Amino acid sequence: MYIIIHHPYGGIANGRAQRSNAHGEVSELNVSQAVIALAAGPLRPECIRDMLLIGSPTQILAYDVHDNSDLFFKEAPDGVNVLITGSFGKHSEMLAIVGGNSSVHGLSWEGNEVFWNVISGKVCSMITFDIDKDGENELIVGCDDSFIRVLKNNHFIMELAETGPVTCLSPINEVRFAYGLANGTIGIYEDSLRLWRVKSKQNAISLQWSGESLACAWANGRLDWRDGASGRVLRRVQMRAGAAAMLLADYRSIGTPDLICVSDRGEVLGYPPYHANVGFNATTTKLPSEEDRLAITDLLNKKQALMVELQHYEANAATANLDPSERPASGMPTNTRLQVAVSPNEDEGCLELAISTNNETIVRAALVLAEGLFEGGETLARHPPSNQLRSVLYAPLKPPRDVPVDVHIKALVGYPDSEQFHIFELTKNLPKFAMYVMEPSTLKNIQIESYVNFHITERIQRICIWINQNFLMEEEIELENEDLKELNVSFLCLRDKSHLNMNFGANGQVKFSTANIELAGNLIQSLAIFLNLTDLQSTAHFPETEQKLHEEMANASEVGETRSRLAAETAEKAQLITALLPAAQDAAAFDLKEMLNRYKEVILLNEELLTGCHVRRATQEQAVKSLKNLHIILRHAARLRVGNYGRAVVAACRKAVQDNNTEALIKILRVGDC
């Protein structure tokens, strides 16, 4: 693999980077492995020039291009997906931050590990950004599990649920950052609130804030600049090939960063900063006439829609008392209301959304829009045949994750014989744990072996409020006696029919009994946020998770030994080939038979090397999978604690994994880092 370095304003030292024979301003850096990620930044202290970071599947190289020297070479067992440079948290120096398959870690300019944390998904994008405005940068991580996570001082303080893998992140200003998803969605967050989002059929390759607008490079080669406040397209261009990358850099050395786009055919295109009021080449601040025409057209369309709606209301008022035979096609009782309700359906393992009217009108069709709720997209359409039209329409909902969801409903309402229908819109909010239905009292004594215990000092009344807000309750929990000091509730998960028992004791002891360690962590984190708990310690017992932890550690250890053995065998065969080739060349002068024998041995050794290469690749994939599963378990163990206790668990787990100490990991899972 080659890395192309263009240096039009000065040469670089000879060495690892070789100058191209075809072009004097281009040098080629030969890398023995596939290049997964590239980054550049001023890593070395007291040195303002950038250092080059090269990420291969299992290694990281920091290279000084100008001095032709290596800063460090580091193994990355968890793989390398994303590389960035930046300061983070308490670390004021510039760090090389590496996102792997299930972890993030920071390295100093000498290659020393400064921080490490586990992620329950593959890292797809990262930026450093001061999201809480305390003067210190936080690390914002986009993962393939559709979450944007905020890491502060090695502790996750925020999780933003999205509808697909987060492939792009880009800072905008001191309060906003942009994001892009693998499903073609892009948008902007301000703090933790999403300002807007738009969706395209193409995938966003990169996002950059250029001038006064958000520039986006799409997979089909389209570049567009959008208004940062509304997402409206300001300008659009089309490259001759698909986009491969985009970045901001002062490539012309004029003091202003340009937008540099690279296509998948190797073309490099540059664009100056775009300003909404002047465009690219104009010198006046007057808005283009095209935008004026678009604004007038938009206002006329709104006026026409309002006039039609006014005519419908007037027709309804004039024909309210007419017979059905004399009723116009757009007739509708003025008191018509759309009602929605959500109820569990245990037989189907889902929630049932009921959309109904309050009179003799029918629901002809309905569109249900929600983020991440449906496998095929974000919209579910229900349109029963004409002979099954009623005043109520049902739609199944099955949230795949425990996150709050806003469900938007658009329904066509009218009479069965109507030719025109009125559109009603409503929004229904699903709580975070909507897929858990309260079990009847006869099933509350089911024994669950796995549990987590912790202690809080809080009134039962506030616990009831938390349950009512985060679970879908047919009837809210209310205490029959205000002096009651304890509470026991049981739930059934509609996804897998598993059971959840929550016991809040009079002495402040709390016990969550569930076989799902991820659910236990989600419950603890949700309760801690509601009660504003900064630190919380817990003890846990999850036998199935402990057994899986044993298996993954054994697999990781076995794979590590196999990799070491294969590496030794490969090195031995390579040395033999190196010795046989000169011998074969020498034999060509006096003994052709001996030469053929030597070359046959070389061919056999080469075939063995190729076979070993395939085995090493399969072993590496198995190692990455085992390490990812292990890191997910450690992530769940950390989420059973809050604040300093959670950070201590992460640090202790890191040391135990490095020491290959399975028993220590089991103890950390059970009692934390005590």
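Above: the structure in question.
Residues numbered from 1 in each chain as written. Predicted model: local features only at pLDDT ≥ 70, side-chain atom pairs only at ≥ 80, totals over all residues. Heavy atoms only, no water.

K.L.:
What is the right way to read the packing of helix α5 (residues 592-639) against helix α6 (residues 644-658) from this model?
P.N.:
Angle between the axes and distance between the axes are the two parameters that describe a pair of packed helices. Interhelical geometry of α5 versus α6 gives an angle of 150 degrees and a closest axis separation of 9 Å. Of the possible angle classes, the one that applies to α5 and α6 is roughly antiparallel. Both α5 and α6 take part in a crossing whose hand is right-handed. Here Leu630, Leu634, Ala637 and Ala638 of α5 lie close against α6, whose contacting residues are Gly646, Val649, Val650, Cys653 and Val657. (Axes fitted to C-alpha atoms, helices over the stretch in contact; angles between N-to-C directions. Helix = DSSP H or I, 4+ residues; strand = E, 2+ residues; numbered from the N terminus. Parallel < 35°, antiparallel > 145°, perpendicular 65-115°, else oblique. Left-handed = near helix turned anticlockwise from the far one by under 90°. Contact = heavy atoms within 4.5 Å.)

K.L.:
Teacher, can you tell me more about the environment of valine 123 here?
P.N.:
For valine 123, the location among the structural elements is in strand β12 (residues 123-129). Separated by 24 residues in the primary sequence, valine 123 and glycine 99 place their C-alpha atoms 5.3 Å from one another. Apart from residues lying up to four places away in sequence, valine 123 is in contact with Asn81, Val82, Gly99, Gly100, Asn101, Ser103, Val104, Val141 and Gly142.

K.L.:
How should a negative patch on the surface be read in this particular structure?
P.N.:
A cluster of acidic residues, Glu474, Glu475, Glu476 and Glu478, forms a negative patch on the protein surface. Note on placement: glutamate 475 falls in the loop between α2 (460-470) and β36 (487-493). Classification of glutamate 475 as exposed rests on a relative accessible area of 68%. (Patch = residues over 30% accessible without salt bridge, like charges linked within 9 Å, V, L, I, M, F, W, Y side chains within 5 Å. Areas by Shrake-Rupley, 256 points an atom, 1.4 Å probe, with all protein chains shown as cover. Salt bridge = Lys/Arg side-chain N within 4 Å of Asp/Glu carboxyl O. Lys, Arg positive; Asp, Glu negative; His and termini not counted. Charge placed at Lys NZ, Arg CZ, Asp CG, Glu CD. Buried < 20%, exposed > 50% of the residue type's maximum accessible area, 1.4 Å probe, protein only.)

K.L.:
What should I look at first to understand the sheet that holds strand β32 (residues 405-414) in this one?
P.N.:
Paired through their backbone hydrogen bonds, the strands of a sheet run either parallel or antiparallel. Pairing within the open sheet is antiparallel, and its 4 strands lie in the order β30-β29-β32-β33. Either end of the sheet is taken by a strand with one partner, and the two such strands are β30 (377-382) and β33 (422-430). Averaged over all adjacent pairs, the angle separating strand axes in this sheet is 20 degrees, with direction ignored. Of the pairings in the sheet, the one linking strand β29 (residues 362-374) to β32 comprises 7 bridges and is antiparallel in character. Within the sheet, the bridge partner assigned to alanine 366 lies in β32 and is alanine 411. (Pairing = 2+ DSSP bridges.)

K.L.:
Help me understand helix α3 (residues 517-531), please; the structure alone is not making it clear to me.
P.N.:
Side chains three or four residues apart in an α-helix point the same way, a direct result of the helix having 3.6 residues per turn. Taking 1.5 Å of rise per residue, 15 residues should cover 21 Å, and α3 covers 21 Å from first to last C-alpha, within 8% of that figure. Counting buried residues along α3, 12 of its 15 residues qualify, which places the element largely inside the surrounding structure. Among all positions in α3, only Ile517, Leu519, Ala520, Gly521, Asn522, Leu523, Ile524, Gln525, Ser526, Leu527, Ala528 and Leu531 are buried. Of the residues that open α3, the one with a side-chain oxygen 3.0 Å from the backbone nitrogen of glutamate 518 is asparagine 516. Looking at the residues trailing α3, positive phi occurs at asparagine 532, about 60 degrees. (Expected span 1.5 Å × (residues − 1). Polar contact = N/O pair within 3.5 Å; in protein donor to acceptor, adjacent residues only side chain to side chain.)

K.L.:
For this particular structure, what's the right way to read the nonpolar core?
P.N.:
Counting residues in hydrophobic clusters, the biggest one holds 56 residues, and the most contacted among them are Ile467, Phe471, Met502, Phe504 and Phe512. For this core, the element with the highest residue contribution is α3, accounting for 8 residues. In this structure phenylalanine 471 touches Pro431, Phe433, Tyr436, Trp466, Phe491, Leu500, Met502 and Leu523, once residues within four positions along its chain are discounted. In terms of nonpolar packing, the next biggest core, distinct from the first, is built from 30 residues, Phe147, Leu351, Leu353 and Ile355 among them. (Core = buried A, V, L, I, M, F, W, Y, C linked by side-chain atoms within 4.5 Å.)

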